[in-house]
Amino acid sequence: MATFLYRLGRGAFRRRRFVALVWVALLFAAGFGAASASAPTSGSFSIPGTEAQKAFDLLEQRFPGMTANGATARIVIKAPDGAKVTDPAPKAQVEKIVSGLKGGAGADQIASVDDPFQSKAISKDSRTAYISAKYKVSGMELTDATRDSLKESGHAAQAAGLTVEIGGDALMTAPETGSGEVIGILIAAVVLVVTFGSLVAAGLPLLTALIGVGIGVSSITALANVLDLGSTTSTLAMMIGLAVGIDYALFIVSRYRVELAEGRERDEAAGRAAGTAGSAVVFAGLTVVIALVGLAVVNIPMLTKMGFAAAGTVVIAVLVALTLVPAILGFAGKKVLPAGTKSRLFGKGKPAGAEPKANGGTRWARFVLRRPVLVLLAGVIGLGAIAIPAGKLEMGLPDDGAQPVSTTQRRAYDLLSDGFGPGFNGPLMVVVDGDKALADKTVDRIKGLDGVAVVTPPMPNKAGDAAIINVIPKDRPSSTETEKLVHTIRDGSGDDVLVTGATAMNIDFSQKMNDALVPYLALVVGLAFLLLMLVFRSILVPLKAALGFLLSVVAALGAVVAVFQWGWLGSLFGVEQTGPIMSMMPIFMVGVVFGLAMDYEVFLVTRMREAYVHGERPGQAVVTGFQYSARVVVAAAVIMIAVFSGFIGASEQMVKMIGFGLAVAVFFDAFVVRMAIVPAVLALLGHKAWWLPKWLDRLLPNVDVEGESLRKHLGESGGPERDRELVNA
């Protein structure tokens, strides 16, 4: 592989105009496709194999058109103290809102508007009423005129002294990341300038990463409606693609400059950078792709599509690093070198071949080698303490009750809870697959259950072979009491009585996430373990990598629970409303963080492996790995943290939470696990760290990440080489 990548990198350098033209053409093609495509929708949501989904599918068969995926809105009106919405003046204002929606701007997108005085949508104290509006299209497809008409529908009523708030998904908009994303990129730019000492070298990873992300995100946008991708898919792909794109280009450029410092010609340096650092990029990218594609094991289409879309962006980032980066290095010329001869990267001006001066990475590695047990205990105990809140993890799907109190959706949610009871915002829909007798029997049984506030009479379909029963719990949708009620209804019913609705879907989704977590971990960690065993020709090094990842990801989950569920330091991160952690958050974070964690493992330990194979003692190999890789790995980690932290300012709670979780996980994994625990463990293991049974060594193909085949191809001895048989003895 190293030889192939060497030829690829050198060829891209020499044919830089053609390579750059191809990538620019791809960017314009993807951009044109995105501009021509219609706006992405929120994406359909299904949970195959669950009772809630079976009930939903039955509704589509027996009640055609009822499950149409159109947006809904609830305009909640509350009369001031001492007044009722049924009084003449407030009633006139409510009727004015109804008529305004039916005949105002965007009325062509409205399917129906229910008058609360006819649908009896009035609270017992007659102070609160709500208007239900259904639209023909999803919230993402509503025109600005329709959305503005909805927002302005209650202005006159508010002027008359009534409280008017709007809930539902009709006000849904594409998630906004705010200025945080831009700040993250600016921080990444500063880190690159400090690392490279050259504006051109710093700008190159940013430029190539933006091109790769532009192609990936534009492609996702162009295919969003065709593949039914959710509105957050492109945001998450951008988040991951931008981080890995900058990092992969960073490693190639860094190795290119080192090769130049050793006196190589520019095209030769580009080829060697692609053959050595490029090999690490390929395998690091593979671990990320495995983790993201592995989300398919959960068997939730939305999560699978998110994983595949993000994986596609990672593949593009790898291809950009191997081809476009060498091509642009050809255009950059000598400007990629630092401004001055005293660059730290080149040993502060020492002549080529001289022993480099000890840098921060070297000093830190020697410190860890002197006190491996102390460093190991400090890292494990520290992360273990941060991981404690993960034991109290509560999962759920967000509704308007999870919105910040400053939003109209949250205020509408609270008004409905106050006027109609806490369970009104999370009604259960019981679907009876049978005749009227079975439906009546089901109603009688549910009325006798604890935790039930209201049970509506059964609503049969035209054929009379199915019915719908609406059940309003006494408690709020996310409460444990409501979850127990759902299970009680299901346990006492046969296969012909099914419970669905948003609350039931939430419960089933969370359970499916819990059930899939262990198989997903086994699949992803198992495949990555085999991949790392190929890379490092070792059993203990991949095992250490996997255990270190588990420690960092559990600690990150603990931090997420502390901030988003408990509210610790919540105001610092813009968390206005605490609540359960989104059900898909743990498994999605496990997949993404595992891939990113293996990036640092591959980049850092590959250099150690290279030094060890070339004859260095285990401790000295660790020092050598840190001497050449620590500075760049730290820079890469800071860049990833900056990029992910930029998404904490997003308006979408899921994006905010994932941005925080990934940033914290990268911090823990890069600075605690990879930079502290890894060298401590390798110091304690010594030669045993690189042990591999001879029979297994013969079975495994040699992928040659350390570039030994490349040295032989170029006619170099590569220094005092250690025979692989001796390594594994």
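Residues numbered from 1 in each chain as written. Predicted model: local features only at pLDDT ≥ 70, side-chain atom pairs only at ≥ 80, totals over all residues. Heavy atoms only, no water.

> Whenever I open this one, unusual backbone geometry confuses me. Can you help?
The phi torsion of most residues other than glycine is negative, and most of the peptide bonds are trans. Its identity as a non-glycine residue notwithstanding, asparagine 299 has a phi of 65°, on the positive side. Its place among the elements puts asparagine 299 in the loop between α11 (266-293) and α12 (301-332). For asparagine 299, a relative accessible area of 42% corresponds to the partly exposed category. Unusually for a residue other than glycine, arginine 537 sits at a positive phi of about 50°. (Helix = DSSP H or I, 4+ residues; strand = E, 2+ residues; numbered from the N terminus. Buried < 20%, exposed > 50% of the residue type's maximum accessible area, 1.4 Å probe, protein only.)

> Whenever I open this one, the pattern of salt bridges confuses me. Can you help?
Pairs can form between side chains of opposite charge once their charged atoms are near each other. For the coordinates displayed, the defined rule picks out 18 salt bridges. The closest approach of N and O atoms between aspartate 267 and arginine 14, which form a salt bridge, is 2.8 Å. Within this pair, whereas aspartate 267 is found in helix α11, its partner arginine 14 is found in helix α1 (residues 2-14), the two being separated by 253 residues in sequence. Of the charged contacts, one joins aspartate 414 and arginine 410 as a salt bridge, the two residues approaching to 3.1 Å between their closest N and O atoms. Here aspartate 414 pairs with arginine 410, and both are found in helix α15 (residues 408-420), just 4 residues apart, close to one helical turn. Its relative accessible area of 27% is what places aspartate 414 among the partly exposed residues. (Salt bridge = Lys/Arg side-chain N within 4 Å of Asp/Glu carboxyl O.)

> Looking at this model, I keep getting lost on the packing of helix α10 (residues 233-261) against α11. Mind explaining?
In a packed pair of helices, the relevant descriptors are the angle between the two axes and the axis-to-axis distance. In contact at an axis separation of 8 Å, α10 and α11 are set at 155° when each is read in the N-to-C sense. It follows from the interaxial angle that α10 and α11 lie roughly antiparallel. In the packing of α10 onto α11, the handedness of the crossing is right-handed. Tallied by class, the residues present in the contact of α10 with α11 amount to 15 nonpolar, 3 polar and 4 charged. (Axes fitted to C-alpha atoms, helices over the stretch in contact; angles between N-to-C directions. Parallel < 35°, antiparallel > 145°, perpendicular 65-115°, else oblique. Left-handed = near helix turned anticlockwise from the far one by under 90°. Nonpolar A, V, L, I, M, F, W, Y, C, P; charged D, E, K, R; others polar.)

> Just checking my understanding: could you explain the packing of aromatic side chains for this structure?
One pair of aromatic rings is described through two measures. These are the centre distance and the angle between the planes. A complete count under the given rule lists 10 aromatic pairs for this structure. Pairwise contacts between aromatic rings join Tyr130, Phe420 and Phe424 into one cluster. Positioned above the aromatic ring of phenylalanine 13, the side-chain terminus of arginine 16 is 5.2 Å from the ring centre. For arginine 607, the ring lying beneath its charged end belongs to tyrosine 628, and the centroid distance is 4.4 Å. (Phe/Tyr/Trp six-rings, centres within 6.5 Å; stacked < 30°, edge-to-face > 60°. Lys NZ or Arg CZ within 6 Å of the ring centre and 35° of its normal.)

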